[in-house]
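Observations on chain architecture
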Amino acid sequence: MLRSVFASALRAQAKPLAAASRLPRTRMSVRQFGSTPVFRDEATPSLLTLSEEEEMMRDVVARFARDVVQPKVSEMDESEQMDPAVIRGLFDSGLMGVETPAELGGAEASFLSAILVIEELAKVDPSVSVLCDVHNTLVNTVFRTYGSDHLKTKYLPQLSADKLGCFCLSEAASGSDAFALQTRATRDGDHYVLNGSKMWITNSAEAEVFLVFATVDPSKGYKGITCFVVERDMGVKIAKKEKKLGIRASSTCQLAFDDVRVPVENVLGEVGKGYKIAIEILNEGRIGIAAQMLGLAQGAFDNTMPYLFQRKQFNTRIGDFQGMQHQYAQIATEIEAARLLTYNAARLKGEGKPFTKQAAMAKLYASQVAERASSRAVEWMGGLGFTRELPLEKFYRDCKIGAIYEGTSNIQLQTIAKFLTKEYQE
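All figures in this text were calculated on a predicted structure; none of them were measured in a lab.

Quick notes on the environment of Met-324
Position of Met-324 among the secondary structure elements: in helix H9 (residues 322–350). For Met-324 and Trp-380, which are 56 residues apart along the polypeptide, the C-alpha to C-alpha distance reads 8.2 Å. Met-324 has contacts with Leu-308, Ile-318 and Trp-380, leaving out every residue within four places of it along the chain.

Remarks on the packing of helix H5 (residues 111–122) against helix H8 (residues 274–308)
Close contact between H5 and H8 brings their axes to 7 Å; oriented N to C, the two are set at 35°. Note that H5 runs across H8; the crossing there is right-handed. Residue-level contacts link Phe-111, Ile-115, Ile-118, Glu-119 and Ala-122 of H5 to Glu-284, Ile-287, Gly-288, Ala-291, Gln-292, Leu-294, Gly-295 and Leu-296 of H8. Considering only residue class, the contact of H5 with H8 consists of eight nonpolar, three polar and two charged.

Here we look at the environment of Thr-333
By the secondary structure assignment, Thr-333 is in helix H9. Under the relative-accessibility criterion, Thr-333 is labelled exposed at 52%. Placed 36 residues apart in sequence, Thr-333 and Val-369 show a C-alpha to C-alpha distance of 9.9 Å.

With respect to the side chain of Asn-140
Note on placement: Asn-140 falls in helix H6 (residues 126–146). Within the structure, the side chain of Asn-140 is placed 2.8 Å from the backbone oxygen of Met-96, a separation counted as a polar contact.

Focus: the state of the cysteines
Tallied over the full model, the rule gives zero disulfides. In this structure Cys-168 is not part of a disulfide, and its nearest cysteine sulfur, from Cys-166, lies 3.8 Å away. As a non-bridged cysteine, Cys-253 has Cys-166 as the owner of its nearest cysteine sulfur, 8.8 Å distant. Judged by its relative accessible area of 0%, Cys-253 is buried.

Some points on helix H2 (residues 52–69)
Because the α-helix completes a turn every 3.6 residues, residues three or four places apart line up on one side. Helix length check: H2 (18 residues) gives 24 Å between terminal C-alpha atoms against 26 Å at 1.5 Å per residue, within 8%. Those residues of H2 that fall on the buried side of the exposure criterion are Glu-53, Glu-54, Met-56, Met-57, Val-60, Val-61, Phe-64, Ala-65 and Val-69. Here the buried residues of H2 occupy an arc of 160° about the axis, which is enough to place them on one side.

Thoughts on the confidence of the model for the protein
Confidence along the protein averages 92 in pLDDT terms, with 90% of residues attaining 70 or more. Low pLDDT, under 50, characterises residues 13–33; the predicted model gives this stretch 33 contacts beyond four residues in sequence or across chains.

Focus: the environment of Phe-210
Along the chain, Phe-210 falls in strand E6 (residues 209–215). Taking relative accessible area as the criterion, Phe-210 reaches 0% and is therefore assigned buried. Spatially, the C-alpha atom of Phe-210 lies 9.9 Å from that of Cys-227, the residues being 17 residues apart in sequence. If near-sequence neighbours (up to four positions away) are discounted, Phe-210 is found in contact with Cys-166, Cys-168, Ser-204, Phe-228, Val-229, Val-230, Glu-231, Arg-232, Val-236 and Leu-255.

Notes on unusual backbone geometry
Positive phi, normally seen in glycine, also occurs at Asn-203, with a value near 75°. Positive phi outside glycine occurs at Ile-247, with the angle close to 30°. Within the element layout of this structure, Ile-247 appears in the loop between strand E8 (237–241) and strand E9 (252–263). Classification of Ile-247 by relative accessible area gives buried; the value is 4%.

A look at the nonpolar core
Core analysis: the biggest nonpolar cluster contains 72 residues, and Phe-143, Phe-167, Leu-211, Phe-213 and Leu-268 have the highest contact counts within it. Ranked by residue count, the leading element in this core is H8, at 17 residues. One finds Phe-64, Val-69, Val-73 and Val-124 within the second-largest nonpolar core, a separate group that totals 25 residues.

With respect to helix H7 (residues 149–161)
In this model H7 runs 18 Å from its N-terminal to its C-terminal C-alpha over 13 residues, within 8% of the 18 Å that 1.5 Å per residue would give. Most pronounced at Tyr-155, the bend in H7 amounts to some 30°, and the proline Pro-157 follows within four residues.

Quick look at the pattern of salt bridges
If you walk through the whole model with that rule in mind, you get 31 salt bridges. Three or more residues are tied together by salt bridges with common partners; here these are Glu-99, Arg-144, Glu-284 and Lys-349.

What counts as what
- Residues numbered from 1 in each chain as written.
- Predicted model: local features only at pLDDT ≥ 70, side-chain atom pairs only at ≥ 80, totals over all residues.
- Heavy atoms only, no water.
- Helix = DSSP H or I, 4+ residues; strand = E, 2+ residues; numbered from the N terminus.
- Contact = heavy atoms within 4.5 Å.
- Axes fitted to C-alpha atoms, helices over the stretch in contact; angles between N-to-C directions.
- Left-handed = near helix turned anticlockwise from the far one by under 90°.
- Nonpolar A, V, L, I, M, F, W, Y, C, P; charged D, E, K, R; others polar.
- Buried < 20%, exposed > 50% of the residue type's maximum accessible area, 1.4 Å probe, protein only.
- Polar contact = N/O pair within 3.5 Å; in protein donor to acceptor, adjacent residues only side chain to side chain.
- Disulfide = S-S within 2.5 Å.
- Expected span 1.5 Å × (residues − 1).
- Arc of directions from axis to C-beta.
- pLDDT = per-residue confidence, 0-100.
- Core = buried A, V, L, I, M, F, W, Y, C linked by side-chain atoms within 4.5 Å.
- Bend = angle between axes of the 7 residues up to and from the residue.
- Salt bridge = Lys/Arg side-chain N within 4 Å of Asp/Glu carboxyl O.

This is the structure in C-alpha cells:
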C-alpha cells in the first residue's frame, strides 16, 4: 500500500529531483557590519537542508515507523523475533532498495536518503533500523558497486522486492582483525566449494541472500579473500542464534558452510579482491551505524522530554529545575553535533569525496552520544524509566552495540589517529 503511495512516486521524481538538488553556485551577497564585510553564499545549503526527495523519504519512513513498527516493538523485543509483517512492510514501502536504480526495482534515491531511513526507524526501534541498514548500505551497495551486470540484474530486483540480504565477514578468530578469516573456497570445475563458519551475522535468520567472504588461497593472506553470493538453499545452515543484551529482534547468528557449492558466476567482484570490497563497504556502513545511534539517541530524548514538563516535585515541573535544564540542554547539543557529523559524512560520500575519517568520527561520537542520551533518559524518568512499560530501558540496552559492531570504538579512534598522523606529519 505504502509502496504505491511512495515508491512509485519517488522513482518517477528521483532523477529530476537529484538534478534539481545540485544547485549551481551563484554570486555571494555581502552584509556590512561596521567596517567588516560579511559574505553570504546564497547557493550553499546547510547540512540539514534536504531535497524534496529526501524530505519525502523521511516523512514516509516516520509514518511507517509510527504506524507499523511501534505497535510491535515490545512484543518483538520480548520474543527476540522480527515480525515478518514488519519485514514485508519495509519491502512494500520501497525501503529496501533506497539507492538501487529504478529499472532494477529500487527507489533510486540518494545515499543521504538511506541514512534518513535508518535514523527514522531507529527513533522507534533500532532492531528494525539495523535490519534495513545492513540490507541497504552493505548488501545492496556491494552489488551495485562491484557486481557484474549478470549479478546486478539477477539479485538487485529480488533484494528490492522480497529477499533479505546479509553480510558474512566475521568469524570466531576474526573480529577486528577481519582478514584473519579461515573460511575456505576451493575451485571445483565451474563451482567453488565453501567450508567454514561465520559469527555475529546480522539478518541471517531471515536472509535469503548471503555475501560470504572466504579465502581461495590462505598462502596469499588477505589477497586470497574473495566475496561470494550464496543463496540460502545452496546449503547455508544456521548453527546458533545468539541471545543478546539489546537489538534482540534483530537476528544475529552463527552460520555453517559444509561443502556448499557456489557457481563460479557468483563470485562478486574479482577473485582475491574481497578484502578491498570489505574495507571500502564497511567505511560506508559506519555512517549507517552512526545514523542508527543518532536515531536511537533522538528517540530516547523525544520519549522523555514531555514527561519533564508534566511531572512536578516541590510544586515545580522537574524540567524547570536548573540542574535538569543543564542536563537536557547538554544532551540536545550532543545529539545535534552527532547529526551534523553523520550528515556531513553522508554528504561527502554522496559527492564522491573522501569520507573515511569523517565516517569514523560520526560512528564513534554518535555511539557515545547514544549511550549518554539513553542513560540520562532513564534517570530523568526515575522509577518509570527503569520499567519495561516504557521504551527507555530498551534504548539503553540497544545503544551498547554501537560501540562494537562494524568496527569497535577503539578501531574508529585508530582510524582517526592514522589520518591525523598523516595530515600533521606532512
